[in-house]
Amino acid sequence: MNDDQRDPMERLRAADPAAGVEARDGFADEVVARAAAETGGSAPVADLTAERARRRPAWMPVAAAAAAIVVVGAVGYGIGSATAGPADLAGGAAPPISLQGPPDGAATEGGAMPEIATGDRMMPEPGAQGMSWPSWGGGRNSFSASGLSTSSGTAAAYGYDARAASDADTVAALAGALGVEGAPELADGSWSVGPKDGTGPALGVSLDGTLGFWYSDPTNSPWQCGDGAETCEPTGEIPSEQAAIDALRSLIESTGRDAGAFEFASETWEGALTRTAQAWPVVDGQRIDQAWGVELSDRGIVSASGMLADLVELGDYPVVSEQEAFERLSDPRFASTMIALPAEARDLPVTDMPEWVPPTEPPAAPEPGVAVSWPVNDVEIVEARLGLASQWQPDGSVLVVPAYEFTDADGGTWSVIAVAESSLDFSVE
């Protein structure tokens, strides 16, 4: 049996970075459930720390004297106990656009990770023998559209200034805000503060193009056993939506940033004892496809992530028209496009994915002259939107550039860079 043919839950467990580590009964299932909730039901990547740091959010620099975040009871947080009103939960900015395909070997995008395409044209039939998951990108698709604009123009672009924020003082300020003890150490391509053995709060800051960080405090996990116990039952109550958003707002504000420049959301999942919250930076009326995040238990923050790099203006770039961008969907040079689930389909549980039925015998030998199967999806584009998306450069720096998002008749979305060819570098480095 190859990897593509295994049951989705089996593939998730196989991708668990803690596979092979002895743990209490039921722990693996909890890890799978939590990973599936974070990635929309897809397989977790092997290096969670690196992947989270690579994909995480757009900030501005950390204040030198960041105040510490203090848990007040089970639901309140210090630093002014900022609260999120209805506007935070409703969200008025346009959704993010992403140009990033799935990481090598992953079954899924960021975002926020790309979702699996919908519709019979992309998903294998339940029980199909020898089924394989759809390929990513422009692939074998036949695109059609009408009424798209032929007007080109210009649009603003941005970039992350990671080097300006990469210093011991910045990292120490963030560590202090999160209650991590110790002096920042720079080694092996990242800053680190706190123990590396999982015994207490720890912070890592990657020297990538966004200066992404990942914080964790295992002592706040409801799955953490106390008094040296090898096994224990998870305890605690799920924090409220407001508590998770307040915690994230407090973290953002503790770094000297304006939480009002972000849009917030919060979620949990069945069987969980924690709640997550996300905050998207809003630029030019659109969420950027890099989100801050926290995971909260009734003990406090279990984990948090974000980016320390400042987003700076790069001026206006020439952009192609909607019609020319649409034509790029069929151009091999722009084949990194992807299709995403319609919003109403994103809540499907992992258990609703097609079940693989093992074959009882090999397929019959092909007949002479049999037609060669070459499926081509008919994709009708019905809407276009110009926005912004992150683009990682060969040197590791990160741009936020104009991009189009196309919506098809089935509700799927396709993205393509909008920058004109005069400002694109096609050379291979």
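Okay, so let's go over this structure. (Residues numbered from 1 in each chain as written. Predicted model: local features only at pLDDT ≥ 70, side-chain atom pairs only at ≥ 80, totals over all residues. Heavy atoms only, no water.)

As a further point, take the pairing of strand S12 (residues 292–297). With respect to burial, S12 is a largely interior element, six of its six residues being buried. Here S12 shows a buried face lined by Trp292, Val294 and Leu296 and a second buried face lined by Gly293, Glu295 and Ser297. As paired strands, strand S10 (residues 275–283) and S12 are joined by five bridges and run antiparallel to one another. Bridge pairing links Gln278 to Gly293 in S12. By the bridge criterion, five bridges tie S12 to strand S13 (residues 300–307) in an arrangement that is antiparallel. (Buried < 20%, exposed > 50% of the residue type's maximum accessible area, 1.4 Å probe, protein only. Helix = DSSP H or I, 4+ residues; strand = E, 2+ residues; numbered from the N terminus. Pairing = 2+ DSSP bridges.)

Glancing now at the nonpolar core. One recurring pattern in soluble globular proteins is that nonpolar side chains are buried together. Core analysis: the biggest nonpolar cluster contains 43 residues, and Leu203, Phe213, Leu248 and Leu251 have the highest contact counts within it. Considering every element that reaches this core, the biggest residue donor is helix H7 (residues 241–254), with seven residues. With residues near it in sequence (within four places) discarded, Leu203 still touches Val171, Leu174, Ala175, Leu178, Val180, Trp191, Ser192, Val193, Phe213, Trp214 and Tyr215. Formed by 27 residues, the second largest nonpolar core is a distinct cluster that contains Leu99, Val320, Ala389 and Phe406. (Core = buried A, V, L, I, M, F, W, Y, C linked by side-chain atoms within 4.5 Å. Contact = heavy atoms within 4.5 Å.)

Attention shifts here to the packing of aromatic side chains. Tallied over the entire structure, the rule returns five aromatic pairs. Between Phe326 and Phe406 the ring centres are 6.4 Å apart and the planes differ by 75°, which places this aromatic pair in the edge-to-face class. Here Phe326 is found in helix H8 (residues 322–328), whereas its partner Phe406 is found in strand S17 (residues 398–408), with 80 residues between them in sequence. Across the pair, Phe406 and Phe326 agree in class, each one buried. Pairing Tyr404 with Phe406 gives two aromatic rings, centres 5.9 Å apart and planes at 25°, and the pair type is stacked. The pair formed by Tyr404 and Phe406 is uniform in burial state, with each residue classed as buried. Grouped by ring-pair contacts, the aromatic residues Phe326, Tyr404 and Phe406 constitute a single cluster. The ring of Trp374 has Arg140 sitting right over it, with the charged end atom 4.2 Å from the ring centre. Above the ring of Trp280, the side-chain terminus of Arg287 is found at 4.2 Å from the ring centroid. (Phe/Tyr/Trp six-rings, centres within 6.5 Å; stacked < 30°, edge-to-face > 60°. Lys NZ or Arg CZ within 6 Å of the ring centre and 35° of its normal.)

What follows covers the pattern of salt bridges. Any two side chains of opposite charge can pair, given that their charged atoms come close. Across all of its chains, the model carries six salt bridges by this definition. In this structure, Arg287 and Glu263 form a salt bridge, with 2.9 Å as the shortest nitrogen-oxygen distance. You can see Arg287 sitting in strand S11 (residues 286–287) and its partner Glu263 sitting in strand S9 (residues 262–267), a full 24 residues away along the chain. Each member of the pair Arg287 and Glu263 is classed as buried. Several salt bridges converge on common partners, so that one network encompasses Asp331, Arg333 and Glu421. (Salt bridge = Lys/Arg side-chain N within 4 Å of Asp/Glu carboxyl O.)

Once that is clear, we can look at the environment of Asp284. Its location among the elements puts Asp284 in the loop between S10 and S11. For the pair Asp284 and Ala156, spaced 128 residues apart in sequence, the C-alpha to C-alpha distance is 8.8 Å. Discounting residues that sit within four places of it in the chain, Asp284 has contacts with Ala156, Tyr158 and Leu388. A polar contact of 2.8 Å, which involves the side chain of Asp284, links it to the side chain of Tyr158. (Polar contact = N/O pair within 3.5 Å; in protein donor to acceptor, adjacent residues only side chain to side chain.)

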